[in-house]
Amino acid sequence: MRLATWNVNSIRTRVDRVVDFLERTHTDVLAMQEIKCRPEQFPLDAFESAGYRVASHGLDQWNGVAIASRVGLSEVETTFPGQPAFGKAGADAVVEARAIGATCEGIKLWSVYVPHGRSLDDPHFAYKLSFLDALCLSAATWASSGDSVAIVGDWNVIPLDTDVWDASGPELSTHVAPKVRAAFSAFEDAGYDELSRRFLPEPGRYTYWDYQQLRFPKNEGMRIDFVLASGTLTPRAVGAIIDRGERKGAGPSDHVPVIVDFLDDPGSVEA
DNA sequence: ATGCCTTCTGCAAGAAGA
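Because the structure is predicted, anything quoted here is derived from the model rather than measured.

## Comments concerning the pairing of strand S8 (residues 149-154)
Counting buried residues in S8 gives six out of six residues, a clear majority hidden from the surface. The sheet contact formed by strand S7 (residues 107-113) and S8 spans six bridges and is parallel. Bridging from a neighbouring strand, Tyr113 pairs with Asp154 of S8. Each parallel crossover has a hand, and for S7 linked through helix H3 (residues 123-144) to S8 it is right-handed. Relative to strand S10 (residues 225-230), S8 is paired through five bridges, and the arrangement is antiparallel. Directly across from Val152, in S10, lies its bridge partner Val227.

Okay, here's the thing in structure tokens:
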């Protein structure tokens, strides 16, 4: 089974590119982030014509997450237990569209878009930490049940200094802060392994390049999109690809897909 | 001096991204 995650930065703008990717790479399940639309605005037809079912969650033009699958899609959930709300001072707090879960061919999959944080002294940064903490608590219970769980998406975390071209950039403090890195590594303690690095450990394997300042041609990027798998799923992983080519050409997202291939669940093999 | 992209809404320019 081929699983991918991709922050598409508007599915309505990028739909042709995304469906072309699915067909070109024979991806079975795609977790998307930043779809930037409500479900009724999602370009379903292009996905269904290509043989995929879609579950999406979006409240407005911000955030938004979705899962497309050609191997089953059931038990859809649009928030995880304990998912925190966020609102500007004076405004009502809202549980934003930053997570969607579904079961696809026996894998409990979550597509997540972790809050950016904005700056260390911004309330958005505390929101980011509480989002990661709450997700990790839920993740621990999922893993301890023995389910095959994948939590994938745009984590907005730079785990290692080698995951960014310049770790000292002050605008990246929200992504390299010790508290953020600790919140991310806590998923390991909860029983998860990050699979793309297992197969692609080299420095400079980035998944995001800013649109500005010729960041992509200069390979000044960062690695912030990850595939976390529970203990029962990890042994089935056989390879990973970061599809850097998707940053090229006309109208790319600023992120590229991260792909992981899994062997079939041995429990599903017929006797 | 500021920004150098891209997307959204909505029709101007601001918010947000990282």
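## Examining the sheet that holds strand S12 (residues 258-262)
Spatial ordering of the open sheet is given by S3-S4-S2-S1-S12-S11, a layout of six strands whose pairing is mixed. Only two strands of the sheet have a single partner each, and these edge strands are strand S3 (53-57) and strand S11 (237-242). Going from strand to strand, the sheet's axes swing by 15° on average, the running direction of each strand aside. For strand S1 (residues 2-7) and strand S2 (residues 29-33), the ladder comprises five bridges, and the chain directions are parallel. Along S2, the bridge assignment pairs Trp6 with Met32.

## So, the protein's contact with DNA strand B
Surveying the vicinity of DNA strand B reveals 27 residues, the closest of which are Ser10, Tyr113, His116, Arg118 and Met222. Per the 4 Å cut-off to the protein, sugar and phosphate atoms form 77% of the nearby atoms of DNA strand B. The contact in question runs from a phosphate oxygen of DNA strand B to an N or O atom on the side chain of Thr13, over 3.2 Å. Contacts to DNA strand B include His255, whose side-chain N or O atom sits 3.4 Å from a phosphate oxygen. Among the elements that line the surface near DNA strand B, the one with the most residues is helix H1 (residues 11-25), at three residues.

## Comments concerning the side chain of Thr174
Tracing the chain through its elements places Thr174 in helix H4 (residues 173-176). In this structure the side chain of Thr174 is engaged in a polar contact, spanning 2.8 Å, whose partner is the side chain of His175. Setting aside anything within four residues of it in sequence, one finds Thr174 in contact with His116, Gly117, Arg118, Ser119, Leu120, Phe125, Lys128, Asn156 and Val180.

## Here we look at helix H5 (residues 178-189)
Under the 1.5 Å per step criterion, the end-to-end length of H5 is 16 Å for 12 residues, consistent within 8% with the ideal 16 Å. Restricting attention to buried positions, one finds in H5 the residues Val180, Ala183, Phe184 and Phe187. All buried residues of H5 project into a common sector of 90° when viewed along the axis, lining one side. Pointing more than 90 degrees away from the buried face of H5 are the exposed residues Pro178, Lys179, Glu188 and Asp189. Where H5 is buried, its residues contact H3, S8, H4, strand S9 (192-194) and S10. Positioned one or two residues after H5, Gly191 has a phi angle of 105°, which is positive.

## Comments concerning the nonpolar core
Ranked by size, the top nonpolar core spans 31 residues in total, and within it Leu3, Ile67 and Leu109 carry the most contacts. At the level of secondary structure, the elements contributing two or more residues to this core comprise S2, strand S4 (65-69), strand S6 (99-104), S7, S8, S10, S11 and S12. Beyond its immediate stretch of four places on either side in the chain, Leu109 contacts Leu3, Val29, Ala31, Ile67, Ile100, Gly101, Ala102, Ala150 and Val152. With 28 residues, the next largest nonpolar core counts Val112, Phe125, Leu135 and Phe226 among its residues.

## Brief notes about the packing of aromatic side chains
A full pass over the atoms with the stated rule returns 12 aromatic pairs. On the numbers, 5.2 Å between centres and 85° between planes, the contact of Phe80 with Phe131 is edge-to-face. In this pair, Phe80 sits in the loop between strand S5 (74-77) and S6 while Phe131 sits in helix H3, placing the two residues 51 residues apart along the sequence. Here the two residues Phe80 and Phe131 agree in accessibility, since each one is buried. Ring centres of Phe86 and Tyr127 lie 4.7 Å apart, and the angle between their planes is 15°; this geometry places the pair in the stacked category.

What counts and what doesn't
- Residues numbered from 1 in each chain as written.
- Chains lettered and ligands numbered in written order.
- Predicted model: local features only at pLDDT ≥ 70, side-chain atom pairs only at ≥ 80, totals over all residues.
- Heavy atoms only, no water.
- Buried < 20%, exposed > 50% of the residue type's maximum accessible area, 1.4 Å probe, protein only.
- Helix = DSSP H or I, 4+ residues; strand = E, 2+ residues; numbered from the N terminus.
- Pairing = 2+ DSSP bridges.
- Right-handed = clockwise from strand over helix to strand, strands pointing away.
- Axes fitted to C-alpha atoms, helices over the stretch in contact; angles between N-to-C directions.
- Near = heavy atom within 4 Å.
- Polar contact = N/O pair within 3.5 Å; in protein donor to acceptor, adjacent residues only side chain to side chain.
- Contact = heavy atoms within 4.5 Å.
- Expected span 1.5 Å × (residues − 1).
- Arc of directions from axis to C-beta.
- Core = buried A, V, L, I, M, F, W, Y, C linked by side-chain atoms within 4.5 Å.
- Phe/Tyr/Trp six-rings, centres within 6.5 Å; stacked < 30°, edge-to-face > 60°.

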